[in-house]
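Here is what each chain is made of, one letter per residue.
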Amino acid sequence: MNVLEIKELSGNEYGEEDFVDVYINDCLKQFEENMYKECLKSPNKLAKLRHSVLMAKKYFNSLQKDNTISINLPNKFINIKINLNKNDYEKSCQEMFTKILSVIKNILKKSKLTEKNIDIIIIIASKMTANKINTMIKNIFPTSKIYNNCNNYIVTGATMQALNNNR
């Protein structure tokens, strides 16, 4: 079995924080510009919104039909009410998902590989992001075996590799 290890993605890295930041920005854009700017300048409001989004994402993966969570951000004169839901989260992050697919296709092209050359794919991401990416990856690599959240395997593999390198 041949193993292809990808060590670089041409400077493109997308972490879970990036998805959260994009969603927070989209949530705040629904308000008038002064309120939007005030929230962006307030570390307390941003921290509360970030915490709320992270908590909401846990519920987005539940089997509930209505995955909407309402939060309030205290403001000078009024409370700002924001509804967080899974569909809006995925829609906000769609551009990043598209960029990830572009990076994958670009890597294949530069490596002179096709989708059929890839047997196993390991996705390391939060459940929320992994679900969406998993669906997109299945469309590109329909015959590949896909593993989600294999952190233990990766840590074990990295540890074994480090031991081998130090012998």
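As a reminder, the structure under discussion sits directly above these lines.
An account of the accompanying structure is given in this report. Here the residue index of a chain counts from 1 through its sequence in written order. For this predicted model, a pLDDT threshold of at least 70 governs which residues receive local features, and a threshold of 80 or more governs which side-chain atom pairs are given and counted, while totals over whole chains, interfaces and linings are taken from all residues. Heavy atoms throughout the structure, all of them, feed into the side-chain values; hydrogens and water do not.

Structural notes on the side chain of Ser92
By definition, any uninterrupted DSSP run of H or I lasting at least four residues is a helix, any uninterrupted run of E lasting at least two residues is a strand, and each is numbered from the N terminus. Mapped onto the secondary structure, Ser92 falls in helix 4 (residues 86-92). Each residue is assigned to one of three classes by its accessible area relative to the maximum for its type, calculated with a 1.4 Å probe on protein chains only: buried under 20%, partly exposed between the two thresholds, exposed over 50%. Taking the relative accessible area as the measure of exposure, Ser92 reaches 14% and is therefore buried. The contact criterion used is simple: two residues touch if any of their non-hydrogen atoms lie within 4.5 Å. Setting aside its immediate chain neighbours within four residues, Ser92 contacts Val22, Tyr23 and Asp26.

Regarding the packing of helix 2 (residues 33-41) against helix 3 (residues 43-60)
Throughout, an axis means a line fitted to C-alpha atoms (over the contacting stretch in the case of helices), and angles, computed between N-to-C directions, take values from 0 to 180 degrees. Axis separation between helix 2 and helix 3 bottoms out at 5 Å; the angle between their running directions is 85°. Between helix 2 and helix 3, the angle is such that the two are roughly perpendicular. Residues Glu38, Cys39, Leu40 and Lys41 of helix 2 pack against Pro43, Lys45 and Leu46 of helix 3. By residue class, the composition of the contact of helix 2 with helix 3 is four nonpolar, no polar and three charged. For this classification, under 35 degrees means roughly parallel, over 145 means roughly antiparallel, 65 to 115 means roughly perpendicular, and everything else is oblique. Classes in brief: Ala, Val, Leu, Ile, Met, Phe, Trp, Tyr, Cys and Pro nonpolar; Asp, Glu, Lys and Arg charged; the others, Gly included, polar.

Overview of the nonpolar core
As used in this record, nonpolar core signifies buried Ala, Val, Leu, Ile, Met, Phe, Trp, Tyr and Cys residues forming a set joined through side-chain atoms within 4.5 Å. Judged by nonpolar contacts, the single largest core of 34 residues is most densely connected at Ile82, Leu84, Ile137 and Phe141. Elements represented by at least two residues in this core include exactly helix 1 (16-28), helix 2, helix 3, strand 2 (79-85), helix 5 (94-111), strand 3 (120-123) and helix 6 (127-140).

Things to note about the packing of aromatic side chains
Two aromatic rings, drawn from Phe, Tyr or Trp (for Trp, its six-membered ring), form a pair once their centres lie within 6.5 Å of each other, and the interplanar angle then sorts them: stacked below 30 degrees, edge-to-face above 60, tilted otherwise. For the coordinates displayed, the defined rule picks out two aromatic pairs. Centre to centre, the rings of Phe19 and Phe97 are 5.1 Å apart; their planes meet at 35°, and the pair counts as tilted. In this pair, Phe19 sits in helix 1 while Phe97 sits in helix 5, placing the two residues 78 residues apart along the sequence. In this pair, the class of Phe19 matches that of Phe97, namely buried.

Notes on the pattern of salt bridges
Any carboxyl oxygen of Asp or Glu that lies within 4 Å of a side-chain nitrogen of Lys or Arg is treated as forming a salt bridge with it. According to the stated counting rule, one finds four salt bridges in the structure shown. A salt bridge links Asp21 to Arg50, with the shortest nitrogen-to-oxygen separation between them at 2.0 Å. Highlighted residues: Asp21 in helix 1 and Arg50 in helix 3, separated in sequence by 29 residues. Overall, Arg50 belongs to the partly exposed group, its relative accessible area being 28%.

A short note on helix 5
Side chains of residues three or four places apart in an α-helix project in the same direction, reflecting 3.6 residues per turn. Expected helix span is computed as 1.5 Å times (number of residues minus one). Taking 1.5 Å as the rise per residue, helix 5 with 18 residues should run 26 Å; its terminal C-alpha atoms sit 26 Å apart, in good agreement. The complete set of buried residues in helix 5 reads Met96, Phe97, Ile100, Leu101, Val103, Ile104, Ile107 and Leu108. On an axial view of helix 5, the arc spanned by its buried residues comes to 155°, and they lie on one face. Of the exposed residues in helix 5, the ones pointing more than 90 degrees away from its buried face are Glu95, Lys109 and Lys110. To be clear, the arc concerns the directions from the helix axis to the C-beta atoms.

Focus on the environment of Asp26
Here Asp26 shows up in helix 1. Sequence separation between Asp26 and Cys93 is 67 residues; the distance between their C-alpha atoms is 9.5 Å. Among the polar contacts made by the side chain of Asp26, one reaches the side chain of Ser92 at a distance of 2.8 Å. In the analysis that follows, any N or O atom pair within 3.5 Å is treated as a polar contact, provided that within protein one partner can donate a hydrogen and the other can accept it, and provided that, for residues neighboring in sequence, both atoms belong to side chains.

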